Amino acid sequence: MPVIETRNLSYTYSPGTPFHKDAITDITFAAQKGDFIGIIGHTGSGKSTLVQHLNGLLRPTSGQVLVSGVDIWQQPKKIRSVRFKVGLVFQYPEHQLFEETAYKDIAFGPKNMGLNNDDEIDKRVRLAAQFVGLREELLQKSPFELSGGEKRRVAIAGVMAMQPDVLILDEPTAGLDPRGRDMILQQILDYQKQNQTTVLLVSHNMEDIARSAKKVLVMNHGRIVMLDETAEVFSRAHELESIGLDVPAVTRIFMSLRKKGFNVGPNAYTVKQAYDRLLPLLKKGGSANA
Ligand code: ADP
């Protein structure tokens, strides 16, 4: 059974007013335990509207969201409990830190869930801090004394500490330098692997998606236009370009090598794949030319 799924999900902002906007239409997809799905689409394609439905922040205009097979709006009074099963890390989550210390900020989620065993909370806080690479001594600092990257980690750790079945991250690496970006992405990957959490990652950065996602969901004008294995999606570079999306730089290089007559084999979309494919050809001394 899927951990999370949507069935014919549609949402309209301000229906029946001059601001009426159909933001998402007829979205049907399912994610299994341990899936890592990248969500891409140009600005305004409906990504944020979709993910806000998955933890019950928005209520569908029509259609359903199911978590472990149960419609989350079956009992609207229990919608709060969905937010602990489906953790959502917003864009620029560090803007929502408010406690006196990083420790208290990370502990806020588990406490809010109703956990009142201090040892259990402490265990979760320290484990989550470890996952995002926050050093012990930073935990007693005010979040405002931390660097931008450290604040981001505190915010992500706060959601991880709830140990949700589904972790959704909306542009978790936006605004970070390349080193900070790589570190956070790697930590999310390690977390996912160790806990077999289902992860949905919204990103503009195709390199991040290529490195992490097993499947990619592509949105355009509020609809799903592709949902497939990452390699399949990036092999449709022309279609992606036609809806204003890029492909990873490595994929672009492979495509232009092929156009120039080099037999470089199937598309690569990460640097590691490109290296593995090109190395034998280079060793043969340029016999890659078709
Ligand atoms: P994305 O996350 O892909 O940038 P959004 O889900 O934010 O897309 O937006 C989808 C569409 O819904 C856009 O046309 C956007 O302008 C519109 N929209 C988003 N939020 C609101 C809102 N609060 N009120 C009205 N329209 C909105």
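Above this text sits the structure in question.
The structure displayed is predicted, hence computed values, not measured ones.

1. A few points about the sheet that holds strand 1 (residues 4–13)
- If you walk across this open sheet you meet the four strands as 2-1-4-5, and the pairing is antiparallel. Two strands in the sheet have a free side with no partner beyond their single neighbour: strand 2 (21–31) and strand 5 (70–71).
- Pairing of strand 1 with strand 4 (residues 62–67) involves five bridges; the strand directions are antiparallel. Bridge assignment links isoleucine 4 to a residue of strand 4, and that residue is valine 67.

2. Notes on the packing of aromatic side chains
- Inspection of the entire model under this criterion finds four aromatic pairs.
- Judged by centre distance (5.0 Å) and plane angle (85 degrees), the ring pair of phenylalanine 131 and tyrosine 191 falls under edge-to-face. With phenylalanine 131 in helix 4 (residues 118–131) and tyrosine 191 in helix 6 (residues 178–195), the pair connects residues that are 60 residues apart, well separated along the chain. Tyrosine 191 carries the same exposure label as phenylalanine 131, and that label is buried.
- Measuring from ring centre to ring centre gives 6.0 Å for phenylalanine 234 and tyrosine 269, while their planes differ by 45 degrees; the resulting arrangement is tilted. Of this pair, phenylalanine 234 sits in helix 8 (residues 230–234) while tyrosine 269 sits in the loop between helix 10 (249–259) and helix 11 (271–283); the two residues are 35 residues apart in sequence, bridging distant segments of the chain. Residue phenylalanine 234 shares its accessibility class with tyrosine 269, and that shared class is buried.

3. Here's the deal with the site of the ligand
- Neighbouring residues of the ligand: Tyr13, Lys21, Ala23, His42, Thr43, Gly44, Ser45, Gly46, Lys47, Ser48 and Thr49.
- A distance of 3.0 Å separates an oxygen atom of the ligand from a polar atom in the backbone of glycine 46.
- Here an oxygen atom of the ligand and a side-chain polar atom of threonine 49 are 2.5 Å apart.
- Calculation on the ligand without its partners gives an accessible area of 560 Å², and the protein chains cover 62% of this total.
- Contributions of two or more residues to the shell around the ligand are made by strand 2 and helix 1 (47–54).
- Take the shell around the ligand: its biggest share by element is three residues, from helix 1.

4. Brief notes about the side chain of glutamine 192
- Residue placement: glutamine 192 occurs in helix 6.
- For glutamine 192, a relative accessible area of 9% translates into the label buried.
- At a separation of 2.7 Å, a polar atom in the side chain of glutamine 192 contacts the main-chain carbonyl oxygen of glycine 34.
- Non-local contacts of glutamine 192, meaning those with residues more than four positions away in its chain, are made with Gly34, Asp35, Phe36, Thr197 and Val199.

5. Describing the sheet that holds strand 3 (residues 36–40)
- The mixed open sheet is built from six strands, whose spatial order is 6-7-8-3-9-10. The two strands at the open ends of the sheet, each matched to only one other strand, are strand 6 (86–89) and strand 10 (223–229). Geometrically, the sheet is characterised by an average inter-axis angle of 15 degrees between neighbouring strands, direction not taken into account.
- Packing against the sheet, helix 5 (residues 148–160) makes contact with strand 6 and strand 7 (166–170), and its axis sits at approximately 170 degrees to strand 6.

6. Focus on the pairing of strand 7
- When you tally the buried positions in strand 7, you get five out of five residues, the bulk of the element.
- Pairing of strand 6 with strand 7 involves four bridges; the strand directions are parallel. When the bridges of strand 7 are listed, leucine 88 appears paired with isoleucine 168.
- Relative to strand 8 (residues 198–202), strand 7 is paired through five bridges, and the arrangement is parallel.

Quick notes on the rules
Residues numbered from 1 in each chain as written. Predicted model: local features only at pLDDT ≥ 70, side-chain atom pairs only at ≥ 80, totals over all residues. Heavy atoms only, no water. Pairing = 2+ DSSP bridges. Helix = DSSP H or I, 4+ residues; strand = E, 2+ residues; numbered from the N terminus. Phe/Tyr/Trp six-rings, centres within 6.5 Å; stacked < 30°, edge-to-face > 60°. Buried < 20%, exposed > 50% of the residue type's maximum accessible area, 1.4 Å probe, protein only. Near = heavy atom within 4 Å. Polar contact = N/O pair within 3.5 Å; in protein donor to acceptor, adjacent residues only side chain to side chain. Areas by Shrake-Rupley, 256 points an atom, 1.4 Å probe, with all protein chains shown as cover. Contact = heavy atoms within 4.5 Å. Axes fitted to C-alpha atoms, helices over the stretch in contact; angles between N-to-C directions.

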